[in-house]
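Residue-level structure breakdown
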Amino acid sequence: MSTFLSLHYHVVFSTKRREPTIDASWRSRLHEYLGGIVAGLGGNPQGVGGTADHVHMLIGLKATHCLSDFMRELKKAGSNWVHDEIGKPGFSWQEGYGAFTVSPTAREEVRKYISRQEEHHRTRSFREEFVDFLEKAGIDFEPKYLD
């Protein structure tokens with residue numbers, strides 16, 4: 001018997017100090033690169049989007065993946081790409097990330113949500129969005145660690 005599973009995560013991570021450093025002129029290239037890194041690490045990228053200060057991804061992982069190790073490698077590779085390809089040596093990600101499990105029936109809705117980030121954030125800040133995610137997921141948090 002083989003192992004069958006569905007491990008999908010909606011992951012969210014921001015730029016250092018949530019500064020708007022992901023310029024629109026190269027944002028889609030970064031998103032494509034991050035999707036490629038997910039695949040290169042053995043994951044399944046199913047959606048990438050974001051704005052100038054954060055990224056959302058829908059990813060499928062294998063049972064052998066350790067989420068924290070996966071995210072460390074993803075963010076490290078993303079930072080290196082920005083340093084080398086875009087020429088921004090000071091670019092970095094904020095420490096940590098949010099990861100929320102996604103059921104098979106919700107994946108399409110999450111994919112659509114991720115694809116509409118620019119539109120969504122015209123009326124809502126990253127912080128407001130992230131607090132909403134944490135509260136809906138029942139995750140306890142200290143507001144001082146969100147800034």
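Residues numbered from 1 in each chain as written. Predicted model: local features only at pLDDT ≥ 70, side-chain atom pairs only at ≥ 80, totals over all residues. Heavy atoms only, no water.

This paragraph deals with the sheet that holds strand E1 (residues 7-14). Taking strand neighbours across the sheet as the criterion, the four strands line up as E2-E3-E1-E4 in an open arrangement whose pairing is antiparallel. Both outer strands of the open sheet, strand E2 (44-50) and strand E4 (98-101), are each paired with one neighbouring strand and no more. For this sheet, the mean angle separating the axes of adjacent strands, direction not counted, is 15 degrees. Two elements, E2 and strand E3 (residues 54-61), share six bridges in a ladder whose sense is antiparallel. Among the inter-strand pairings, Pro-45 is bridged to a residue of E3, identified as Ile-59. Contacts from helix H1 (residues 24-40) reach E1, E2 and E3, with the element oriented near 155 degrees to E2. Most of the contacts of helix H5 (residues 126-136) go to E1, to which it runs at about 145 degrees, and overall it touches E1, E3 and E4. (Pairing = 2+ DSSP bridges. Helix = DSSP H or I, 4+ residues; strand = E, 2+ residues; numbered from the N terminus. Axes fitted to C-alpha atoms, helices over the stretch in contact; angles between N-to-C directions. Contact = heavy atoms within 4.5 Å.)

At a closest axis distance of 10 Å, the pairing of H1 and helix H2 (residues 67-86) adopts a crossing angle of 140 degrees. As summarised for this structure, H1 and H2 are arranged oblique, according to the angle between their axes. As H1 runs across H2, the sense of the crossing is right-handed. Side by side, H1 and H2 meet where Trp-26, Arg-29, Leu-30, Tyr-33, Leu-34, Ile-37 and Val-38 of the first sit next to Phe-70, Leu-74, Ala-77, Gly-78, Trp-81, Val-82, Glu-85 and Ile-86 of the second. Within the contact of H1 with H2, the residues separate by chemical class into 12 nonpolar, one polar and two charged. (Parallel < 35°, antiparallel > 145°, perpendicular 65-115°, else oblique. Left-handed = near helix turned anticlockwise from the far one by under 90°. Nonpolar A, V, L, I, M, F, W, Y, C, P; charged D, E, K, R; others polar.)

As a further point, take the pattern of salt bridges. Taken as a whole and assessed by the stated rule, the structure comprises eight salt bridges. Between Arg-72 and Asp-69 there is a salt bridge, with its nearest N and O atoms 3.1 Å apart. With a gap of three residues between them, Arg-72 and Asp-69 both fall in helix H2, about one helical turn apart. Judged by its relative accessible area of 35%, Asp-69 is partly exposed. Between Lys-76 and Glu-73 there is a salt bridge, with its nearest N and O atoms 3.4 Å apart. In this pair, Lys-76 and Glu-73 are both assigned in helix H2, three residues apart and thus about one turn of the helix distant. (Salt bridge = Lys/Arg side-chain N within 4 Å of Asp/Glu carboxyl O. Buried < 20%, exposed > 50% of the residue type's maximum accessible area, 1.4 Å probe, protein only.)

One non-glycine residue, Arg-17, lies in the positive phi region at around 55 degrees. Its place among the elements puts Arg-17 in the loop between E1 and H1. Although it is not a glycine, Arg-18 adopts a positive phi angle of roughly 55 degrees. Mapped onto the fold, Arg-18 is located in the loop between E1 and H1.

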